[in-house]
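The residues making up each chain are set out below.
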Amino acid sequence: MAQTTNQQPDMKNSITRNLVISAIAATPLGLSQANAASSVVSDGIRSTGENITAAGEGLLQAPSRLANVRNDEMPMIAAGVQEIGLSGSFDWTDDTVYNTNLSYGWFLNDCWLFGFKVGVSGVNSDANVTAGLFTEYNIHTGTKWVPFVGGGVNYKRLDTGDDSADGIETGLEFGVKYFLRANMAISASMTGAWTSKDIDGDDGVSSRVNFGLRYFF
């Protein structure tokens, strides 16, 4: 009987020892699992925060993106861009009824435009033919309005049917372009010109108001 009694405390001690050992062995695993769960939760919170931040930045950048879309419609007058222009004018200093000019130019930089033009003007069967070079300085305003100043030198010939004359014409021009689209503008300008010979019957001096259409590519 005494032997049986001694075995019961030994069994209890063995069970207690096993429980303690199991608890000690399980504790690191439990902590590891808890840390892993905590890490997952932290990563989830961090990811959610990053997504919210990205969404907020997207909302903040939306107006600037819309502005960039509008900027795509701003004047296309950068270096390398080419321009074709068609213009007509009214001359109040003589009897000129029509004056039509066709021009072609290219931008050497974001301001300077260089090119050549040809034109025809006259009354009825009388015709002045011009051909020459021109330059324009375009002023950036950050809007669709682009003021400009320019000048040119032309060869000018008058043919009346009975007689003809020719000379060199120099002129200055200032005006403004309004861009309907990034690559299309209407223009209005005023030109003052002087001819080396009295071709127009006004001592070689003339003034014109010009209206035109410009195309850029």
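Our subject is the structure listed above.
My aim in this report is to walk through the structure given alongside it, one point at a time. (Residues numbered from 1 in each chain as written. Predicted model: local features only at pLDDT ≥ 70, side-chain atom pairs only at ≥ 80, totals over all residues. Heavy atoms only, no water.)

Counting 9 residues, the largest nonpolar core is built from Ile77, Val81, Phe107, Leu113, Phe134, Val146, Phe179, Ala185 and Phe216. Discounting residues that sit within four places of it in the chain, Phe134 has contacts with Ser103, Tyr104, Gly105, Leu113, Phe114, Gly115, Phe116, Lys117, Gly151 and Gly152. (Core = buried A, V, L, I, M, F, W, Y, C linked by side-chain atoms within 4.5 Å. Buried < 20%, exposed > 50% of the residue type's maximum accessible area, 1.4 Å probe, protein only. Contact = heavy atoms within 4.5 Å.)

Attention shifts here to the pattern of salt bridges. Taken as a whole, this structure holds 6 salt bridges when the rule is applied. Among the salt bridges present, the one from Glu136 reaches Arg214, with a minimum N-O distance of 3.3 Å. Taken together, the positions of Glu136 in strand 4 (residues 127-138) and Arg214 in strand 8 (residues 205-216) put the pair 78 residues apart, joining distant regions of the chain. Its relative accessible area of 3% is what places Glu136 among the buried residues. (Salt bridge = Lys/Arg side-chain N within 4 Å of Asp/Glu carboxyl O. Helix = DSSP H or I, 4+ residues; strand = E, 2+ residues; numbered from the N terminus.)

On to the packing of aromatic side chains. The description of two aromatic rings rests on the distance between their centres and on the angle between their planes. Counted under the stated rule, the structure contains 8 aromatic pairs. Here Tyr215 and Phe217 contribute two aromatic rings whose centre-to-centre distance is 6.1 Å and whose plane-to-plane angle is 20 degrees, an arrangement assigned as stacked. Overall, the relative accessible area of 38% leaves Phe217 in the partly exposed class. Joined through ring pairs, the aromatic side chains of Tyr104, Trp106 and Phe116 make up one cluster. Across from the ring centre of Phe134, 5.2 Å away, lies the NZ or CZ of Lys117, which sits over that ring. Directly above the aromatic system of Phe148 lies the positively charged group of Lys177, at a separation of 5.3 Å from the ring centroid. (Phe/Tyr/Trp six-rings, centres within 6.5 Å; stacked < 30°, edge-to-face > 60°. Lys NZ or Arg CZ within 6 Å of the ring centre and 35° of its normal.)

Quick look at the pairing of strand 7 (residues 184-195) now. Of the two faces of strand 7, the one holding Ala185, Ser187, Ser189, Thr191, Ala193 and Thr195 is buried and the one holding Met184, Ile186, Ala188, Met190, Gly192 and Trp194 is not buried anywhere. Two strands pair when backbone bridges link them, and strand 6 (residues 164-181) and strand 7 are joined in this way by 12 bridges, in the antiparallel orientation. Each residue of the ladder has a partner; that of Glu169, found in strand 7, is Thr195. Taken together, strand 6 and the strand that follows it, strand 7, pair antiparallel across an intervening segment of 2 residues. Pairing geometry for strand 7 and strand 8, over 11 bridges, is antiparallel. When the sheet's bridge partners are listed, Met184 is paired in strand 8 with Tyr215. (Pairing = 2+ DSSP bridges.)

With that settled, the discussion passes to a nonpolar patch on the surface. Taken together, the side chains of Trp106, Leu108, Trp112, Phe114, Phe116, Leu133, Tyr137, Ile139, Val149, Phe174 and Met190 present a nonpolar region at the surface, about 1,000 Å² in accessible area. Sorting the residues of the nonpolar patch by element identifies strand 3 (112-122) and strand 4 as the ones contributing at least two each. Broken down by element, the nonpolar patch gets its largest block of residues, 3 residues, from strand 3. Mapped onto the fold, Trp106 is located in strand 2 (residues 98-107). The exposure class of Trp106 is partly exposed, given its relative accessible area of 36%. (Patch = residues over 30% accessible without salt bridge, like charges linked within 9 Å, V, L, I, M, F, W, Y side chains within 5 Å. Areas by Shrake-Rupley, 256 points an atom, 1.4 Å probe, with all protein chains shown as cover.)

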